[in-house]
Amino acid sequence: MTPSSLSPLAESLGRQVVRQLQVSRTRRNTLLLPLLALVGPAVFAASPTRAEVWKGPTCGCCHDWIAHLEANGFKVLSHDEGNDEARRRLGMPIRFGSCHTALIDGYAIEGHVPAREIKRLLAERPRAVGLAVPAMPIGSPGMDGPAYGGRRDPYDVLLVARDGQATVYQSYR
Ligand SMILES: [Cu+2]
């Protein structure tokens, strides 16, 4: 082959490759774009809220509370130490203290707070340190296992302000 006969062939091959690339790119887009439009928002809507939890290594009720969070769509990262330090660092007063402290979307969550109030907090986004269920009331999430025989003590979920004052956010009676 002489260079003069090679070049039209190469040109035609080149054009063919380019055309095929264009076709496959178009086909890929026509398939992918509607798929992304459908799946994209669902992925974002379903992306779980992250919760970081500090607890003692042998805390069974902490574990049960974490299971309650996960059952309600939270993605939990838990540490088997650092509970007191986390509470102090996040500005949660010790008088509202419980067996575990969590950080969820910028808020401190102390103790056996129900997922329901956490979701409400994240929707309302008040200026606050976070929520607390002081001590460990029986019947609160994670303190409601078979060992308690269905017993339910009344308790309050407190909204803790930045000045350390607390108001009742939800009452469970
Ligand atoms: Cu506990």
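Residues numbered from 1 in each chain as written. Predicted model: local features only at pLDDT ≥ 70, side-chain atom pairs only at ≥ 80, totals over all residues.

A. Structural detail: unusual backbone geometry. One non-glycine residue, R125, adopts positive backbone phi at about 45 degrees. Positionally, R125 belongs in the loop between helix 4 (115-124) and strand 5 (130-133). Notably, A135 is not glycine yet its phi reads approximately 55 degrees, a positive angle. As for its position among the elements, A135 is in the loop between strand 5 and strand 6 (155-160). (Helix = DSSP H or I, 4+ residues; strand = E, 2+ residues; numbered from the N terminus.)

B. Highlighting the environment of D105. Relative to the assigned elements, D105 resides in the loop between strand 3 (100-104) and strand 4 (107-111). For D105 and A51, which are 54 residues apart along the polypeptide, the C-alpha to C-alpha distance reads 7.5 Å. Sequence-distant contacts of D105, that is, excluding residues within four places in its chain, are made with T49 and L122. (Contact = placed C-beta atoms within 7 Å.)

C. Representation of helix 2 (residues 60-71) within the structure. With twelve residues, helix 2 extends 17 Å from end C-alpha to end C-alpha; this agrees with the ideal 16 Å at 1.5 Å per step. Among all positions of helix 2, only C61, C62, W65, I66 and L69 are buried. Down the axis of helix 2, the buried set is contained in an arc of 150 degrees. They therefore lie on one face. In this structure, helix 2 carries G60 and A71 as exposed residues pointing more than 90 degrees from its buried face. Turning to helix 2, the residues buried within the fold contact strand 1 (49-55), strand 2 (74-79), strand 3 and helix 4. Immediately beyond the C-terminal end of helix 2, within one or two residues, lies G73, with a positive phi of roughly 90 degrees. (Expected span 1.5 Å × (residues − 1). Buried ≥ 20, exposed ≤ 12 C-beta atoms within 10 Å, placed from the backbone. Arc of directions from axis to C-beta.)

D. Looking closely at the environment of W65. Looking at where W65 falls in the secondary structure, it is placed in helix 2. Looking at W65, the number of C-beta atoms within 10 Å reads 31, which means it is buried. Taking C-alpha positions, W65 is 4.1 Å from G142, a pair spaced 77 residues apart along the chain. Residues contacting W65, with those up to four places away along its chain left out, are H100, H112, P141 and G142.

E. Focus on the pairing of strand 2. Relative to strand 2, strand 1 runs parallel, the two sharing six bridges. The residue bridging R50 from the neighbouring strand is K75, located in strand 2. Handedness of the crossover joining strand 1 and strand 2 through helix 2 is recorded here as right-handed. (Pairing = 2+ DSSP bridges. Right-handed = clockwise from strand over helix to strand, strands pointing away.)

F. Quick look at the nonpolar core. Grouped together as the largest cluster of nonpolar side chains are 32 residues, with contacts concentrated most on I109, V113, I118, L131, A132, L158 and V160. At the level of elements, strand 1, helix 2, strand 3, strand 4, helix 4, strand 5 and strand 6 are the ones that each hand at least two residues to this core. (Core = buried A, V, L, I, M, F, W, Y, C linked by C-beta atoms within 7 Å.)

G. Spotlight on the sheet that holds strand 5. Spatially, seven strands are ordered 2-1-3-4-5-6-7 in an open sheet, and the strand pairing comes out mixed. Across the chains shown, the open sheet's two edge strands, defined by having one partner strand only, are strand 2 and strand 7 (166-172). The sheet shows a mean angle of 20 degrees between the axes of neighbouring strands, direction not considered. Two elements, strand 5 and strand 6, share three bridges in a ladder whose sense is antiparallel. Among the inter-strand pairings, G130 is bridged to a residue of strand 6, identified as V160. Seen against the sheet, helix 2 touches strand 1, strand 2 and strand 3 and runs at an angle of roughly 155 degrees to strand 2. Together, strand 1, strand 2, strand 3, strand 4, strand 5, strand 6 and strand 7 form the strand contacts of helix 4, whose direction differs from that of strand 5 by roughly 165 degrees. (Axes fitted to C-alpha atoms, helices over the stretch in contact; angles between N-to-C directions.)

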